[in-house]
Amino acid sequence: DAPAEKYEYQAEVSRLMDLIVNSLYSNKEVFLRELISNASDALDKLRFLSVTDSGLLKDAVDLDIRIHTDKDDGIITIIDTGIGMTRQELIDCLGTIAQSGTAKFLKALKDSKEAGADNNLIGQFGVGFYSAFLVSDKVAVATKSPKSDKQYVWEGEANASTYTVREETDPEKLLPRGTRITLYLKRDDKGFAHPEKIQKLVKNYSQFVSFPIYTWQEKAFTKEVEVDEDPTEAKKDGEDDKPQKKTKKVVERYWDWELTNETQPLWLRNPKEVNTDEYNEFYKKTFNEYLEPLASSHFTTEGEVEFRSVLYVPSIAPQGRDDIINFKTKNIRLYVKRVFISDDFDGELFPRYLSFIKGVVDSNDLPLNVSREILQESRIVRIMRKRLVRKAFDMILGISMSENREDYERFWENFGKHLKLGCIEDRENHKRIAPLLRFFSSQSEEEMISLDEYVENMKPDQKDIYYIAADSVASAKNTPFLERILEKDLEVLFLVDPIDEVAIQNLKSYKDKNFVDISKEDLDLGDKNEEKEKELKQEFGQTCDWIKKHLGDKVASVQISNRVSTSPCVLVSGKFGWSANMERLMKAQHT
Ligand code: ADP
Ligand code: MG
């Protein structure tokens, strides 16, 4: 053998390995899910590259995963014909942490500790390659990348801070391409090397892997063999003298690869035959999520453009991502004819305000070597985008109509901001967005209401929808603008989220009723009394002039008004000016 070089793990890796082993001890079997998912990723990558470079497939055409078990020695071997790794990739991928799944795991671990959740939750996470050490004393990764003509072997042991990498020189052990991971099981975990056990785990964990997974299984078949009849029994009662031929059943045993998973991708199945659990499982596996989605939608469109899709509304927004506008997600996985193309194109398939929607989209009409440029110019994509957006809204509407009001409250809490952004960015879909909006109001300070609820509650002669923007329900409630409106028992929406006001201004109206800011001058409550106003103006005209003189440029004008009933005066914004709330926002932006 070529000499093995010794390397030290990045410090985080050692810590992570400890964490994994300590928190997943009751959930050891996840190691198989992780290694299969890596094999599947590696096959995806190879299949993708082979679309433009078919030469890549020449060394081994079949894209599959094979799991061999040796129960006597307690060894499991997982072999894939995927993209493999070069020497440098081995060191980068298996000696350092750069991976998203791992980061998520660390976060979940922290959250679940804080919430006092059980360890099961963590078991649902993508914890990656190192989970192999949950069950193994030693792990060997032999791998051959098409980029290199050499095969390398990575070897690590449980509880060690170093690993080794060497070149494979034994011709017997060379792979055509891909990766072979050998797990030398711990004494207490050798049970995992039983063929039936592995078969069960594969079925359980890998329903949604779209490559065939074969496991090494003992098979039996019965065959009939001819045997000569026992000569002592042969002659009876003067039967024929000839020895009679008889057949006997013999059971033959042998070992062979057995296909163990179902490879039909979920989205190709008939929606009528897929149940909610299956959709939820698919979601969790595909997006490395541990919470179930709030809603899902599975559909096929035919006609002009043909594609299939499964979409989801997550139940929680990504944490620590306040900047919903500028962050990139990997929420939409695009396939072309079942080949995974990329999860980088969500911006092309969904407007950014709907970027929280997750799902898979599989089209037969796009070229396999599709690029962002192609997507941006494609008429097909424009049609797809329209349909996807419509389906996304249907899904959200479905949540809003659910009997379980909490579901929508949850949605709104997590993604309400996105929809408000939609009011600003997507005029075309105002009709779909507006019914989904929720606000507090003067008559509903605890629970948010919809615009439909507002409209239903309008007075017979009320023409407009009233709102006031403020920084909280408490301050909205105390504004003097409300006095007269409340006297008339009219309802006023409280816009307490900074984005609310801009969103409403973009909508302009709902069901032919204009949104009216009650803090603006000229508020018409339909009860003008011109005579009275004239009288008042005469009586107090000079007072107004006097006040204006003293305030000078600080105000635009001082007027008699019927806006307030108990407060002596109120500061209002000009008809065309910014509202006080906007001014406050602008100020905040400049500091
Ligand atoms: P993740 O799968 O989230 O990236 P893992 O810890 O599971 O994290 O794997 C780390 C990296 O090691 C992978 O991203 C991949 O680059 C590499 N890798 C692991 N297993 C394989 C494999 N069977 N074939 C090719 N590369 C692999
Ligand atoms: Mg992985």
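Treat the numbers as computed from the prediction; the structure is a model and nothing was measured.

Peer 1: What's the story with unusual backbone geometry in this structure? I'm lost.
Peer 2: Apart from glycine, the bulk of residues carry a negative phi angle, and the bulk of peptide bonds sit in the trans form. Phi angles above zero are rare outside glycine, and Asn159 is one such case at about 60°. Residue placement: Asn159 occurs in the loop between strand E5 (151-157) and strand E6 (162-167). Positioned with a positive phi, Arg338 is a non-glycine residue whose angle comes to about 75°. Note that Arg338 resides in the loop between strand E12 (332-336) and strand E13 (339-342).

Peer 1: Would you mind going over the pairing of E13 with me for this structure?
Peer 2: Where a strand is regular, its side chains alternate between the two sheet faces. Note: E12 against E13, three bridges, orientation antiparallel. Each bridged residue has a counterpart across the sheet, and for Leu334 the counterpart in E13 is Ser342. As consecutive antiparallel partners, E12 and E13 are separated by two residues, and within that stretch Lys337 has a phi angle of approximately 45°, a positive value.

Peer 1: How should the environment of Ala158 be read in this particular structure?
Peer 2: Topologically, Ala158 is positioned in the loop between E5 and E6. Overall, Ala158 belongs to the partly exposed group, with 17 C-beta atoms counted inside 10 Å. Taking the C-alpha atoms as reference points, Ala158 and Ser136, 22 residues apart in sequence, are found 6.9 Å from one another. With near-sequence residues (within four places) excluded, Ala158 lies in contact with Phe133, Ser136 and Asp137.

Peer 1: Explanation requested: the sheet that holds E12 in the structure shown.
Peer 2: Hydrogen bonding along the main chain pairs the strands of a sheet, whether they run parallel or antiparallel. Spatially, the five strands line up as an open sheet ordered E10-E11-E14-E12-E13, and their pairing is mixed. Edge positions in the open sheet fall to strand E10 (295-301) and E13, since each of these has one partner strand only. Here the average twist between neighbouring strands, direction ignored, is 20°.

Peer 1: Would you explain the nonpolar core in this entry?
Peer 2: In a soluble, globular protein the nonpolar side chains are often hidden away together inside. Judged by nonpolar contacts, the single largest core of 124 residues is most densely connected at Ala392, Tyr467, Ile468, Val492, Leu493 and Phe494. At nine residues, the largest contribution of residues to this core is made by helix H2 (residues 30-52). With sequence-adjacent residues up to four places away left out, Ile468 is seen in contact with Ala476, Thr479, Phe481, Leu482, Val492, Phe494, Leu495, Ile518 and Ser519.

Peer 1: What is the right way to read the sheet that holds strand E20 (residues 513-517) from this model?
Peer 2: With mixed pairing, the six strands of this open sheet are ordered in space as E16-E15-E18-E17-E20-E19. Single-partner strands in this sheet number two, and they are strand E16 (444-450) and strand E19 (509-510). Across three bridges, strand E17 (residues 465-469) lies against E20 in parallel orientation. Considered in E20, the bridge of Tyr466 is made with Val516.

Peer 1: So what exactly am I meant to see when it comes to helix H8 (residues 276-287) here?
Peer 2: In an α-helix, one turn spans 3.6 residues; hence positions three or four apart end up facing the same way. An ideal rise of 1.5 Å per residue puts 16 Å on twelve residues; H8 measures up with 16 Å between its terminal C-alpha atoms. Looking at H8, one finds that the buried residues are Tyr279, Phe282 and Tyr283. Buried positions in H8, seen along its axis, are confined to an arc of 100° and lie on one side of it. Taken from the residues just after H8, Asn288 is the one with a positive phi, measuring 55°.

Peer 1: Even after reading the chapter, I still don't get the packing of helix H12 (residues 405-425) against helix H17 (residues 500-507), so can you show me in this structure?
Peer 2: Any two packed helices are characterised by the angle at which their axes cross and by the distance between the axes. In contact at an axis separation of 8 Å, H12 and H17 are set at 40° when each is read in the N-to-C sense. By the angle class used here, H12 and H17 are oblique. When you trace H12 past H17, the crossing you get is left-handed. Contacts between H12 and H17 involve Lys420, Cys423 and Ile424 on the former and, on the latter, Asp500, Val502, Ala503, Asn506 and Leu507. Per-class residue counts for the contact of H12 with H17 are five nonpolar, one polar and two charged.

Peer 1: Help me understand the pairing of E6, please; the structure alone is not making it clear to me.
Peer 2: Of the strand pairs in this sheet, strand E1 (residues 5-8) and E6 are connected by four bridges, and their pairing is antiparallel. Within E6, the position partnered with Glu8 by the bridge is Thr162. One ladder, built from five bridges, connects E5 with E6; its direction is antiparallel. Residue pairing in the sheet places Val153 in a bridge with Arg166 of E6. Once E5 ends, the chain turns through four residues before running back antiparallel as E6, passing Asn159 with a positive phi of about 60°.

Peer 1: Looking at this model, I keep getting lost on the environment of Ala220. Mind explaining?
Peer 2: Tracing the backbone through its elements, the reader meets Ala220 in strand E8 (residues 213-228). Distance in space between the C-alpha atoms of Ala220 and Val251 is 6.5 Å, their sequence separation being 31 residues. If near-sequence neighbours (up to four positions away) are discounted, Ala220 is found in contact with Val251, Glu252 and Arg253.

Conventions adopted
- Residues numbered from 1 in each chain as written.
- Chains lettered and ligands numbered in written order.
- Predicted model: local features only at pLDDT ≥ 70, side-chain atom pairs only at ≥ 80, totals over all residues.
- Helix = DSSP H or I, 4+ residues; strand = E, 2+ residues; numbered from the N terminus.
- Pairing = 2+ DSSP bridges.
- Buried ≥ 20, exposed ≤ 12 C-beta atoms within 10 Å, placed from the backbone.
- Contact = placed C-beta atoms within 7 Å.
- Axes fitted to C-alpha atoms, helices over the stretch in contact; angles between N-to-C directions.
- Core = buried A, V, L, I, M, F, W, Y, C linked by C-beta atoms within 7 Å.
- Expected span 1.5 Å × (residues − 1).
- Arc of directions from axis to C-beta.
- Parallel < 35°, antiparallel > 145°, perpendicular 65-115°, else oblique.
- Left-handed = near helix turned anticlockwise from the far one by under 90°.
- Nonpolar A, V, L, I, M, F, W, Y, C, P; charged D, E, K, R; others polar.

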